[in-house]
Amino acid sequence: MKVNVEVDCTPLEARQFFGLPDVQPMQMAVMDKLQKQLMANIERVSPEALMQSWFTFDPRIAERFQDMFVTMAGLGGARGSDKK
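Note that the coordinates shown come from a computational prediction; the quantities given were computed from them, not determined experimentally. (Residues numbered from 1 in each chain as written. Predicted model: local features only at pLDDT ≥ 70, side-chain atom pairs only at ≥ 80, totals over all residues. Heavy atoms only, no water.)

**What about the pattern of salt bridges?**
Move 1: For the structure on display, the rule yields one salt bridge.
Move 2: Note that Arg 15 and Asp 22 form a salt bridge whose closest N and O atoms lie 3.9 Å from each other.
Move 3: Classification of Arg 15 by relative accessible area gives partly exposed; the value is 23%. (Salt bridge = Lys/Arg side-chain N within 4 Å of Asp/Glu carboxyl O. Buried < 20%, exposed > 50% of the residue type's maximum accessible area, 1.4 Å probe, protein only.)

Written out as C-alpha cells, the structure reads:
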C-alpha cells in the first residue's frame, strides 16, 4: 500500500507545525554582521589599496615586479641580476 500526502505550506508554517524555533531573527542578525564586515573590508581590497600596500614596504618592489613579469613571459633574464 502506498500513501502520498502533499502539504502546501510555507517554510515558516512547516517550522511552526513541527515546533521548530523561528531562526529568521538570528539569520538576519548574522547577515547584518556579515554585511557590515564585508563593507568594512571591501576598501582594503580595492585595487588602489592593494597597490599602495604592495609598493610601500620596499621602494624597489615595482622594479622587481617588472623583472618577474618579464622573466615569466620569457622575454629575457632579470634586469637587476647584475646589480649589487
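Don't stop here, the text continues.
**What to know about the packing of aromatic side chains**
Move 1: Per the counting criterion, the structure on display carries one aromatic pair.
Move 2: Ring plane angle 80 degrees and centroid distance 5.2 Å describe the contact between Phe 17 and Phe 18, whose orientation is recorded as edge-to-face.
Move 3: For Phe 17, a relative accessible area of 68% puts it in the exposed group. (Phe/Tyr/Trp six-rings, centres within 6.5 Å; stacked < 30°, edge-to-face > 60°.)

**Remarks on helix α1 (residues 11-18)**
Move 1: Burial analysis of α1 places just zero of its eight residues in the buried class, a small minority of the element.
Move 2: Remark: Gly 19 follows α1 within two positions and exhibits a positive phi of approximately 80 degrees. (Helix = DSSP H or I, 4+ residues; strand = E, 2+ residues; numbered from the N terminus.)

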